[in-house]
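Structural description and commentary
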Amino acid sequence: MAEEIVFYTNPQSRGAIVHWMLEEIGCPYSTELMVYGQNMKSAEYLAINPMGKVPALRHNGTVVTETAAILAHLADAFPAAKLAPPAGQRGAYYRWLFFVAGPCDAAMSNKSVGWEPAPDMQPRFGYGTYQLTMDTLEKAVSGKRYIAADYFTAADLYVASFLNFGMMFKLIDRRPAFEAYVQPHIERPASLRTQQKLEALMKG
């Protein structure tokens, strides 16, 4: 019996990252398009995600929210796709998945609204400073094709998505190391298919 996956998303959201992950796995899934505003705040959807945000996933009765958690769940649920290193070899994989979910996301979000903690406040923030966060990520990808194994994993998908989005919207500088790392990943067939599907969803 096929595993039922219902994917709640909006093409102009972090859901695009999960969309790419689903295409990499190649599993069947149905898409519930959520519209910003009343649709995402409806009682029906709040029962799925009380935050009223996307993405969210319902997989065989289990609800998963938060992008990194969804990626990790799917990688474990579909091991044949080999999007996670073997158990016991996941230190770097978990490190970079959650580095993007935590420090990177917070640093870029704050930068997008023109705010950064004052020097005396920086110890209270997991990312410290935007500059430190980007420098750390640059060191992690410099000279590497993959960030957590010797093959493509969900950590690469997440890091490449984050960097590509940030550079596209000029929230992240186009450092040579970032561009060299991102380009081969966003040219993967599953990524290109995702872009086509996102464009179709935006057109309605």
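Provided above is the structure to which this section pertains.
Rules used in this analysis
Residues numbered from 1 in each chain as written. Predicted model: local features only at pLDDT ≥ 70, side-chain atom pairs only at ≥ 80, totals over all residues. Heavy atoms only, no water. Helix = DSSP H or I, 4+ residues; strand = E, 2+ residues; numbered from the N terminus. Rg over C-alpha atoms; globule rule 2.2 N^0.38 Å. Buried < 20%, exposed > 50% of the residue type's maximum accessible area, 1.4 Å probe, protein only. Contact = heavy atoms within 4.5 Å. Areas by Shrake-Rupley, 256 points an atom, 1.4 Å probe, with all protein chains shown as cover. Lys, Arg positive; Asp, Glu negative; His and termini not counted. Charge placed at Lys NZ, Arg CZ, Asp CG, Glu CD. Phe/Tyr/Trp six-rings, centres within 6.5 Å; stacked < 30°, edge-to-face > 60°. Lys NZ or Arg CZ within 6 Å of the ring centre and 35° of its normal.

To continue, consider the overall build of the protein chain. Of the regular secondary structure elements, the protein chain holds 8 helices and 4 strands. Its C-alpha atoms give the protein chain a radius of gyration of 17 Å, within 12% of the compact-globule value 17 Å for 204 residues. Projected onto its principal axes, the C-alpha positions of the protein chain cover 50 × 40 × 35 Å. Within the protein chain, the proportion of its 204 residues that are buried is 46%. When contacts within the protein chain are restricted to residue pairs at least 6 apart in sequence, long-range pairs at least 24 apart make up 61% of them. For the protein chain, the exposed area adds up to about 10,700 Å²; of that, 55% sits on carbon and sulfur atoms. Charge separation in the protein chain, taken as the distance between the mean sites of 19 positive and 19 negative side-chain charges, equals 2 Å.

Attention now goes to the packing of aromatic side chains. Taken as a whole and assessed by the stated rule, the structure comprises 9 aromatic pairs. For the ring pair Tyr94 and Phe98, a centre distance of 6.3 Å and an interplane angle of 25° mean the geometry is stacked. Here the residue Tyr94 and the residue Phe98 both occupy positions in helix 4 (residues 91-112), the gap between them amounting to 4 residues, near one helical turn. Seen in terms of ring centroids, Trp96 and Phe99 are 5.2 Å apart; in terms of plane orientation they differ by 80°. Their pairing is edge-to-face. Within this pair, Trp96 and its partner Phe99 are both found in helix 4, separated by 3 residues, close to a single helical turn. Comparing Trp96 with Phe99, the two get one shared label, buried. An aromatic cluster of three or more residues is present, and its members are Tyr93, Tyr94 and Phe98. Just above the ring of Tyr130 sits the side chain of Lys111; from NZ or CZ to the centre is 4.6 Å. Across from the ring centre of Phe152, 3.8 Å away, lies the NZ or CZ of Arg188, which sits over that ring.

Turning our attention to helix 3 (residues 67-77). Turning to helix 3, its buried residues number three or more, namely Thr67, Ala68, Ile70, Leu71, Ala72, Leu74 and Ala75. Residues of helix 3 that are buried make contact with strand 1 (5-9), helix 1 (15-25), strand 3 (56-59), strand 4 (62-65), helix 4 and helix 6 (154-168).

What follows covers unusual backbone geometry. A cis geometry characterises the amide bond from Val54 onward to Pro55, with omega recorded as 5°. Tracing the sequence through the fold places Pro55 in the loop between helix 2 (43-46) and strand 3. Backbone geometry at Glu66 places phi at a positive 75°, although glycine is not the residue there. Residue placement: Glu66 occurs in the loop between strand 4 and helix 3. Glu66 sits in the partly exposed class, given a relative accessible area of 48%.

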